[in-house]
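Residues per chain are reported as follows:
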Amino acid sequence: MTQRANIDAGAELDPVHPVPPPEASGRAAGLTAAEVAERVARGEVNDVPVRSSRSTAEIVRANVFTRFNAIIGVLWLIMLFVAPLQDSLFGFVIIANTGIGIIQELRAKKTLDGLAVIGEAKPTVRRDGASAEISTSEIVLGDLVELGPGDKVVVDGEVVEADGLEIDESLLTGEADPVLKKPGDRMMSGAFVVAGGGAFTATKVGREAYAAQLAEEASRFTLVHSELRSGISMILKYVTWLMVPTSIGLVISQLVVKNDNFKQSVAYTVGGIVPMIPEGLVLLTSVAFAIGVIRLGRKQCLVQELPAIEGLARVDVVCLDKTGTLTEGGMDVTELRPLGGADEAYVRKVLGALGESDPRPNASLQAIIDAYPDSEEWRCRESLPFSSARKYSGAAFSEGDGENSTWLLGAPDVLLPTGDPSLAEIDALNEQGLRVLLLARTPRELDDPRVAADARATALVVLEQRLRPDAGDTLRYFEEQDVHAKVISGDNAVSVGAVAGKLGLPGASRTVDARRLPDGQAEMADVLDSHAVFGRVTPQQKREMVAALQSRGHTVAMTGDGVNDVLALKDADIGVSMGSGSEATRAVAQIVLLNNSFATLPSVVAEGRRVIGNITRVATLFLVKTVYSVLLALLVVCTQVEYLFLPRHLTLLSTLTIGIPAFFLALAPNTERAKPHFVRRVMRYAIPGGVIAAVTTFATYLLARHYYEGPGAREAETSAATLTLFLVSMWVLAIIARPYTWWRICLVLSMGAAFLLVLAVPGLQTFFALKLVGTTLPWAGVGIAAVGAGLLEGAWRWVDRKFPA
């Protein structure tokens, strides 16, 4: 019996596991065990390592060898020679942060590598006449690799067997139309099977195969376009431009103009340069991404590209495939309705033969096989594979009594002419959420382009789909989170709407038949915005629908598991594939749900929002520090006074008002959908915040310079300025921490308590060179900080009104 294609009338090719085809005369036996061993000994093995993440060396190098670590490292070494150890604490903080980044990424790498192995599909090869699944890395030169619907071509080769074998090479050529392959044709790795089956001989393996480049590119740790990362890079670039001239001016001011003690001048100069660098922001972003990957990995969700987590936070439209997403894979035949006086017993024989002929039955056909087991000695002469564009499959049989017959099985509204009386009956069934297949007999040959033109309806096969028990709750979650769900299916629109209606999807009753969608992108976008359920969607239309939604500024996530979803998954902002889906969909998706649970999506979206929302929040803390550090340095240069702080002072302030709070805030729950324009949203708060902090701090410092005299005056001036800067920075933290919860309040209060502890304990006073002298000037500093806090509140509220996000 020749290999058959998927004959489900829906657009989705249900995920299936390869099943060895039955033995047939003349079938190639493949390599022998001895030939395989000989090729392994010669190194002719497809030994390209599967990489789901960066190597350990790359992780260490990426976290250690950065330009900012280089700057900090040089300044740290200088401070170790010219100042006490406590002025070099900033260096140890950098080491700790870099270590955290490395450890978290190594943990993420372990999770990713483990999940990638779990999710890796194994090709089927034929050796010694027997078919077996093996790892991709075990394929050797000359192996006979079997193919079925949804399988990916993993090495280059030449077709040996072909039974309606249609290959999609869009990932290689960009052409969406499938290519019919015949024996002798070339097979390029990276393509995948749309329909039919066959086998090919591996002619290029390992790094010689094109698949090696594709696999490495698709599975490596990638930093694709990310507004968050590009925004941070832009900010750091501008900071570098500001830092260089400011640092030069500061060095000249402290070493030449003031003519102070050399070592002390160097210490104060470094103290002015170090806080300009928001090095913790980059590391914290990496840590937040890495922790997000680990959290999702524990839920059996494989993130193939880390910035995909950010993309999830920005999603406002999710396009859902019905089969395998809203419904489970299993189906049941509920009724067989013969048409035109057809004999039911004969119809059962036909369906049994169709079922027996397909070695890779999907859910619909498996239900037919279970209901009508084959017991007739019919021989399949020819087959027509199912394709999403065609909506039907076919087979030609030589019946046991010598009679020949040709049959089609597929979508009734495609096989029946418009106005056929049976369509009303079918619509009534579809409205109940039932799937209906039409069995029709045709007098034409299967290779006739108009094979369905004269088909005579013989029977209706009514199937009932099994709804996922958690699908309704998931749809409600999206509705609550202001994410619009669009059900895009190849099935009958009314049937899809009935299923969506049972699950409570808003607007499920207003369905759209995709065959009547307008061709123009703008017109299509209008329909997509106003409707939620679409049926009879072709693979190319899925791609066009994604583009139409994106043209309206939507961030689109697309879910799918069949090969017909690949193009749409590839074009969507975020592609989400089911773990049991075809290898082709898993290759192009950024996120793979290895547990095949649609209910995992809310967790994925929530994780994305948590990461991007929290990074946007804490970025303000880091950049306020950068702004006030640059301004303080400029004020010092312009007024020709000693720099205000030693490095130890700013290390203490950064730790209490930025470092520790930012770590906790970055990991906190956050369900707010991320908004665009990251740089603008952060800088509109950081600039006024940094300006107010710098001006109030410098005002206290100038006041203290005129108030204190004699020995110890410098330390008293610095302490008063540190108090003001701490209080203003704490108010920035208090604003960033809103809305308050019990743990956020405790976090802010504990940071304040830690600073009071430093001021109260003599040993800590000495260590950090902080000691408030008298009461007049310290309370004046508190008063100036209070004015600064009021200005912060007013300035940020004005920014919200004037420059809304």
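Now for a description of the structure that goes with this document. Note that residues are indexed from 1 along each chain, following the sequence as it is written. Owing to the predicted nature of the model, reporting of local features is limited to residues with pLDDT of at least 70; listing and counting of side-chain atom pairs is limited to 80 or more, with chain, interface and lining totals taken over all residues. In computing side-chain properties, one takes all heavy atoms of the structure into account and sets aside hydrogens as well as water.

1. What about the overall build of the protein?
And then number 1: Only DSSP runs of H or I with at least four residues qualify as helices, and only runs of E with at least two residues qualify as strands; both kinds are numbered from the N terminus onward. Helix and strand content of the protein: 27 helices and 21 strands.
And then number 2: Split into buried and exposed, the 805 residues of the protein put 58% on the buried side.
And then number 3: Residue contacts follow a heavy-atom distance rule, with two residues in contact if any of their heavy atoms lie within 4.5 Å. For the protein, restricting intrachain contacts to residue pairs at least 6 apart in sequence, the fraction spanning at least 24 positions comes to 74%.
And then number 4: Of the roughly 31600 Å² that the protein leaves accessible, carbon and sulfur atoms contribute 59%. Accessibility here uses a 1.4 Å probe with only protein chains present; expressed as a share of the type maximum, an area under 20% marks a residue as buried, one over 50% as exposed, and anything in between as partly exposed. Only the protein chains shown count as cover for residues, and the accessible areas themselves come from Shrake-Rupley with a 1.4 Å probe.

2. What to know about helix α27 (residues 776-802)
And then number 1: Given a helix with a known number of residues, its expected span is that number minus one, times 1.5 Å. Between its first and last C-alpha atoms α27 spans 38 Å; for 27 residues at 1.5 Å apiece the expected length is 39 Å, and the two agree.
And then number 2: Of all the residues in α27, the buried ones are Leu777, Pro778, Gly781, Ala785, Gly788, Ala789, Leu792, Glu793, Ala795, Trp796 and Val799.
And then number 3: The elements touched by buried residues of α27 are α21 (601-639), α23 (678-707) and α24 (713-736).

3. Some thoughts on the nonpolar core
And then number 1: We define the nonpolar core as a collection of buried residues of types Ala, Val, Leu, Ile, Met, Phe, Trp, Tyr and Cys that are connected through side-chain atoms lying within 4.5 Å of one another. With 121 residues, the main nonpolar core has Leu505, Ile591 and Phe755 as its most contacted residues.
And then number 2: Sort the elements by how many residues they give to this core and α21 lands first, with 17 residues.
And then number 3: Apart from the residues within four sequence positions on either side, Leu505 is in contact with Leu475, Ala485, Val487, Ala500, Ala532 and Val533.
And then number 4: If you look at the next biggest cluster of nonpolar residues, it comprises 26 residues, including Val194, Val317, Leu517 and Leu569.

4. A few points about the sheet that holds strand β21 (residues 591-593)
And then number 1: Two strands pair under a simple rule: DSSP has to find at least two bridges between them. Reading across from one edge, β8-β21-β20-β19-β9-β16-β18-β17 is the order of the eight strands in this open sheet, with mixed pairing throughout. Every other strand in the sheet has two partners, leaving β8 (301-303) and β17 (511-513) as the edge strands with one partner each. Each adjacent strand pair in this sheet contributes to an overall mean axis angle of 20°, direction not counted.
And then number 2: Axis definition: a line fitted to C-alpha atoms, over the contacting stretch in the case of helices. Angles run 0 to 180 degrees between N-to-C directions. α21 rests against β8, β9 (317-320), β19 (556-560), β20 (574-578) and β21 of the sheet, and its axis sits at about 145° to β21.

5. What about the pairing of strand β3 (residues 144-147)?
The side chains of a regular strand alternate, residue by residue, between the two faces of the sheet.
And then number 1: Because side chains alternate across β3, one face comprises the buried residues Leu144 and Glu146, and the other comprises Val145 and Leu147, equally buried.
And then number 2: Where strand β1 (residues 124-127) and β3 come together, three bridges link them in antiparallel fashion. Bridge pairing in β3 links Arg126 to Leu144.
And then number 3: Direction of pairing for β3 relative to strand β7 (residues 192-204): antiparallel, over a ladder of four bridges. Looking at the pairing, Val145 lines up with Phe200 of β7.

6. Observations regarding the packing of α21 against α23
And then number 1: Look at α21 against α23: their axes get within 7 Å of each other, and the N-to-C directions meet at 40°. Judged by the inter-axis angle, α21 sits oblique to α23. The hand of the α21/α23 crossing is right-handed.
And then number 2: Residues are grouped as follows: nonpolar covers Ala, Val, Leu, Ile, Met, Phe, Trp, Tyr, Cys and Pro; charged covers Asp, Glu, Lys and Arg; every other residue, Gly included, is treated as polar. A class-by-class count of the residues in the contact of α21 with α23 yields 19 nonpolar, six polar and one charged. When describing relative orientation, an angle under 35 degrees is termed roughly parallel and one over 145 degrees roughly antiparallel, while 65 to 115 degrees is termed roughly perpendicular and anything else oblique. Take the far helix as your reference; a near helix turned counterclockwise from it by less than a right angle gives a left-handed crossing, and one turned clockwise gives a right-handed crossing.

7. Brief notes about the packing of aromatic side chains
And then number 1: Any two rings among Phe, Tyr and Trp, with Trp reduced to its six-membered ring, count as a pair given centres within 6.5 Å; such a pair is stacked if its planes are under 30 degrees apart, edge-to-face if over 60, and tilted if neither. Within this structure, the stated rule accounts for ten aromatic pairs.
And then number 2: When the ring of Tyr346 is compared with that of Trp378, the centres are 6.0 Å apart and the planes differ by 50°; the resulting orientation is tilted. One end of the pair, Tyr346, is in helix α11 (residues 344-357); the other, Trp378, is in the loop between α12 (363-371) and β11 (379-384), and 32 residues separate them in sequence.
And then number 3: According to the relative accessible area criterion, Tyr346 is partly exposed, its value standing at 23%.
And then number 4: Ring centres of Tyr685 and Trp796 lie 5.1 Å apart, and the angle between their planes is 55°; this geometry places the pair in the tilted category. Placement of the pair is Tyr685 in helix α23 and Trp796 in helix α27, with a sequence separation of 111 residues.
And then number 5: Relative accessible area serves as the criterion here: at 18%, Tyr685 is assigned to the buried category.
And then number 6: Residue classification places Trp796 among the buried positions, given a relative accessible area of 5%.
And then number 7: A connected cluster of aromatic rings, assembled from ring pairs, spans Tyr346, Trp378, Phe397 and Trp407.

8. As for the pattern of salt bridges
And then number 1: We define a salt bridge as a side-chain nitrogen of Lys or Arg found within 4 Å of a carboxyl oxygen belonging to Asp or Glu. Under the defined criterion, the tally for this structure stands at 25 salt bridges.
And then number 2: Note that Glu161 and Arg126 form a salt bridge whose closest N and O atoms lie 2.8 Å from each other. Separated by 35 residues along the polypeptide, Glu161 in strand β4 (residues 156-168) and Arg126 in strand β1 bring together distant segments of the chain.
And then number 3: Close ionic contact of Asp529 with Arg552 constitutes a salt bridge, the shortest N to O distance being 3.3 Å. With Asp529 in helix α17 (residues 521-530) and Arg552 in the loop between α18 (539-551) and β19, this residue pair connects regions lying 23 residues apart in the sequence.
And then number 4: For Asp529, a relative accessible area of 38% gives the class partly exposed.
And then number 5: You can call Arg552 partly exposed: its relative accessible area is 36%.
And then number 6: Each of Asp413, Asp513, Arg515, Arg516 and Arg536 takes part in salt bridges that share partners, so that together they form one network.

9. Examining α17
And then number 1: For α17, the full list of buried residues reads Met524, Ala525, Val527 and Leu528. Viewed along the axis of α17, the buried residues span an arc of 160°, placing them on a single side of the element. Note: the arc covers the axis-to-C-beta directions of the helix.

10. Some points on the environment of Ala130
And then number 1: Within the secondary structure, Ala130 is located in strand β2 (residues 130-133).
And then number 2: The exposure class of Ala130 is partly exposed, given its relative accessible area of 43%.
And then number 3: Sequence spacing of Ala130 and Ala29 is 101 residues, and the spatial spacing of their C-alpha atoms is 7.2 Å.

11. What to know about the pairing of β1
And then number 1: Sheet analysis places β1 next to β2, joined by four bridges and oriented antiparallel. By the bridge assignment for β2, Thr124 is matched with Glu133.
And then number 2: What sits between β1 and β2 in their antiparallel hairpin is a turn of two residues, with Asp128 showing a positive phi close to 55°.

12. Focus: the environment of Ala713
And then number 1: On the secondary structure map, Ala713 appears in helix α24.
And then number 2: Ala713 sits in the buried class, given a relative accessible area of 10%.
And then number 3: Once the C-alpha coordinates of Ala713 and Val773 are considered, the two residues, 60 residues apart in sequence, prove to be 8.9 Å apart.

13. Considerations on the packing of α17 against α18
And then number 1: At a closest axis distance of 8 Å, the pairing of α17 and α18 adopts a crossing angle of 85°. Considering their axes alone, α17 and α18 lie roughly perpendicular with respect to each other. Between α17 and α18, the contacting residues are Gln521, Met524, Ala525, Leu528 and Asp529 on the first element and Glu544, Met545, Ala547, Ala548, Leu549 and Ser551 on the second.
And then number 2: Grouping the amino acids of the contact of α17 with α18 by side-chain chemistry returns seven nonpolar, two polar and two charged.

14. Topic: a nonpolar patch on the surface
And then number 1: Here a patch means residues that are over 30% exposed by relative accessible area and free of salt bridges, tied together within 9 Å if like-charged and within 5 Å if nonpolar (Val, Leu, Ile, Met, Phe, Trp, Tyr). There is a patch of nonpolar side chains on the surface, built from Leu77, Leu80, Phe81 and Leu85 and spanning about 440 Å² of accessible area.
And then number 2: As for its position among the elements, Leu77 is in helix α3 (residues 67-82).

15. Some remarks on unusual backbone geometry
And then number 1: Residue Pro739 follows Arg738 across a cis peptide bond; omega there is -5°.
And then number 2: Relative to the helices and strands, Pro739 resides in the loop between α24 and α25 (742-760).
And then number 3: Unusually for a residue other than glycine, Gln300 sits at a positive phi of about 60°.
And then number 4: By the secondary structure assignment, Gln300 is in the loop between α9 (279-298) and β8.
And then number 5: By relative accessible area, Gln300 is classed as partly exposed at 31%.

Keep in mind these numbers describe shape, not what the thing actually does.
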